[in-house]
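# Survey of secondary and tertiary structure
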Amino acid sequence: HSTFAKDNNDSALSQAIKILMNSFYGVMGSSRCRFYHSELPSAITTTGHYILQTTMDYFQSLGHKVIYGDTDSIFVVMKAVLNNDELKKMAKEIDTFLKADLKEKFHVDSRLECEFEKSFDQLYFSMARSGVGAAKKRYVGLHNSELDFKGVEFVRSDWTELSKVFQKELFLKFFSGVDLEEYIKDFIKSLEIGLYDDLLTYTKRLSKAPEEYTKNIPPHVKAALKVNHTGPYRLKEVSYVITPTGPEPVNNNPNKFDYQHYIEKQLKPIADDILSYQGKSFDSFIIGDQLTLF
């Protein structure tokens, strides 16, 4: 079924099969399951680790450099530039190698399929939140001047368009070797004079009616309470901006904005992620730059 889903480009079926297969790990490790066996979860993880490590060793035996491997993927720096067809061919060669290896050592027929997914000209692994070397599933790749974000702020729905514009341009300049400090300072100046006022909107869903929130009222709820909403259905989503007096729904046409909020909450986390890689920090040169004004 998995092969059928991929061959027919059925992403929904492919995702459903993936979730179902992953659920076996939890089910078989639960004492309430009729198929429970304490060694099954361990066997699953051990088998996965063996296949991953064996594949990594195979790449390295050919002279390539493996820079990271997780539960289902491997990042490799190729010793020579290969085109997509050559990389797909290599994936097939790995299938053949694993088939022979598993047959010889475990006497099983392999049903594994290694897939070449994508290649990058440059790749950046995010170190934010998890410490050095601990967040490798979060990365930004560059290929043919196009950026691919995985697991970083860009993909989060509760971030503004301001953060997305800032992050995209920041990484393009980083990969091009442009000085980031100058770009960040110029971006902040443009923000503070109102050039990005149309990019400051947050949009967030409400899990219940705004009036039902009684403790620790978050910003989007405060904004929702100011919306003049009428109709048979409750307000399920609110778009708002942060002003000097707090959250304000866009329906009220606010014209003043708390730029410091956007600098601290939208720009700084993105900038620090990449600046830490260079041994710098957002505060160090922003605060230093502000002190020179006095």
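Keep in mind that this is a model prediction, so the values were computed, not measured.

### A look at the overall build of the chain
Across its full length, the chain holds 9 helices and 8 strands. Per-residue burial for the chain yields a buried fraction of 33% across its 294 residues. Within the chain, counting contacts between residues at least 6 apart in sequence, those at least 24 apart form 46% of the total. When the accessible surface of the chain is summed, it comes to about 19,000 Å², and 52% of that surface belongs to carbon and sulfur atoms.

### Let's talk about the pattern of salt bridges
Side chains that carry opposite charge are capable of pairing whenever their charged atoms lie near each other. Applying the stated criterion across every chain, the model contains 9 salt bridges. The salt bridge partner of Asp148 is Lys118, with a shortest N-O separation of 2.6 Å. Here Asp148, found in strand β5 (residues 146–150), pairs with Lys118, found in the loop between α4 (84–106) and β3 (122–125); they are 30 residues apart in sequence, far enough to count as distant. The exposure class of Asp148 is partly exposed, given its relative accessible area of 22%. The salt bridge involving Glu169 is made with Lys173; its shortest N-O contact spans 3.5 Å. Of this pair, Glu169 and Lys173 both sit in helix α5 (residues 161–176), 4 residues apart, which is roughly one turn of that helix. Here the salt bridges do not stand alone but share partners, grouping Glu117, Lys118 and Asp148 into one network.

### A short note on unusual backbone geometry
Backbone geometry places His107, a non-glycine residue, at a positive phi of 60°. For His107, the position within the fold is in the loop between α4 and β3. Here the phi dihedral of Asn216 falls at roughly 50°; this positive angle occurs in a residue that is not glycine. The residue Asn216 is located in the loop between β6 (202–205) and α7 (219–224) in this model.

### Brief notes about the confidence of the model for the chain
Of all residues in the chain, 90% have pLDDT values of 70 or greater, and the mean over the chain is 87. Across residues 129–135, confidence stays below pLDDT 50; counting only partners more than four residues off in sequence or on other chains, it has 10 contacts.

### Observations concerning the sheet that holds β3
Read across the open sheet, the 3 strands follow the order β3-β4-β5; overall the sheet is antiparallel. Whereas interior strands pair on both sides, the edge strands pair on one side only; in this sheet they are β3 and β5. Across this sheet, the average inter-strand angle for adjacent strands is 15°, counted without regard to direction. Where β3 and strand β4 (residues 139–143) come together, 4 bridges link them in antiparallel fashion. If you follow Tyr124 over to β4, its bridge partner there is Val140. Taken strand by strand, α5 contacts β3, β4 and β5, and its axis lies near 115° from that of β5.

### Some thoughts on the packing of aromatic side chains
Applying the stated criterion across every chain yields a total of 24 aromatic pairs. When the centroid spacing of 5.6 Å and the interplanar angle of 75° are considered together, the rings of Tyr124 and Phe174 count as edge-to-face. One end of the pair, Tyr124, is in strand β3; the other, Phe174, is in helix α5, with 50 residues separating them in the sequence. For the pair formed by Tyr124 and Phe174, the shared burial category is buried. Its end group placed over the ring of Tyr213, Lys208 keeps NZ or CZ at 4.8 Å from the ring centre.

### Quick notes on the environment of Lys204
Turning to its location among the elements, Lys204 is positioned in strand β6. Along the chain, Lys204 and Tyr240 lie 36 residues apart, while their C-alpha atoms are 8.6 Å from each other. The residues contacting Lys204, other than those within four sequence positions of it, are His220, Glu237 and Val238.

### Regarding the nonpolar core
In globular proteins that are soluble, nonpolar side chains generally tend to be buried together. Counting 45 residues, the largest nonpolar core has Phe166, Phe171 and Ile184 as its most contacted members. If you list the elements that add at least two residues to this core, you get β4, β5, α5, α6 (180–192), α7, β7 (237–243), α8 (259–275) and α9 (282–291). Looking at this core element by element, the count peaks at 8 residues for α8. Dropping the residues within four chain positions of it, Phe171 is found in contact with Tyr124, Val140, Leu147, Phe149 and Ile274. Core analysis: the second largest hydrophobic core is formed by 9 residues, Leu52, Phe59, Ile94 and Leu98 among them.

### Brief notes about the packing of α5 against α8
Axis angle and axis distance: for two packed helices, these are the angle between their axes and the distance between the axes, and together they describe the pair. Two elements in contact, α5 and α8, have axes separated by 10 Å at closest approach and are oriented at 25°. One way to sum up the angle between α5 and α8 is to call them roughly parallel. Viewed along their axes, α5 and α8 form a crossing whose handedness is right-handed. Every residue of α8 that contacts α5 at Leu162, Ser163, Phe166, Gln167, Leu170, Phe171 and Phe174 is listed here: Tyr262, Gln266, Leu267, Ile270, Ala271 and Ile274.

About the cut-offs
Going along each chain's sequence as written, the residues are numbered from 1 onward. Only residues with pLDDT of 70 or above have their local features reported here, since the model is predicted, and side-chain atom pairs are shown and tallied only from 80 upward, although totals for entire chains, interfaces and linings are computed over all residues. The basis for every side-chain value is the complete set of non-hydrogen atoms in the structure, without hydrogens or water. A run of H or I in DSSP counts as a helix once it spans at least four residues, and a run of E counts as a strand once it spans at least two, with each numbered from the N terminus. When accessible area is computed with a 1.4 Å probe and restricted to protein chains, residues below 20% of their type maximum are described as buried, those above 50% as exposed, and intermediate ones as partly exposed. We call two residues in contact when some of their heavy atoms are within 4.5 Å. Residue-level accessible areas treat just the shown protein chains as cover; the underlying method is Shrake-Rupley with a 1.4 Å probe. Here a salt bridge means any side-chain nitrogen of Lys or Arg lying within 4 Å of a carboxyl oxygen belonging to Asp or Glu. As a per-residue quantity, pLDDT reports the predictor's confidence and falls between 0 and 100. Any two strands are treated as partners once DSSP identifies two or more bridges connecting them. Orientation is described by axes fitted as lines to C-alpha atoms, over the contacting stretch for helices, and by angles from 0 to 180 degrees between their N-to-C directions. Here the aromatic set is Phe, Tyr and Trp, taking the six-membered ring for Trp, and pairing holds for ring centres within 6.5 Å; pairs whose planes are under 30 degrees apart are stacked, those over 60 apart are edge-to-face, and all others are tilted. Only when the NZ atom of a Lys or the CZ atom of an Arg is both within 6 Å of the ring centre and within 35 degrees of the ring normal do we say a charge sits over the ring. Only buried residues count toward a nonpolar core. Its members are Ala, Val, Leu, Ile, Met, Phe, Trp, Tyr and Cys residues joined through side-chain atoms within 4.5 Å. By definition in this entry, angles of less than 35 degrees are roughly parallel, angles greater than 145 are roughly antiparallel, angles of 65 to 115 are roughly perpendicular, and the rest are oblique. The crossing is said to be left-handed when, going from far helix to near helix, the turn is anticlockwise and less than a right angle, and right-handed when the turn is clockwise.

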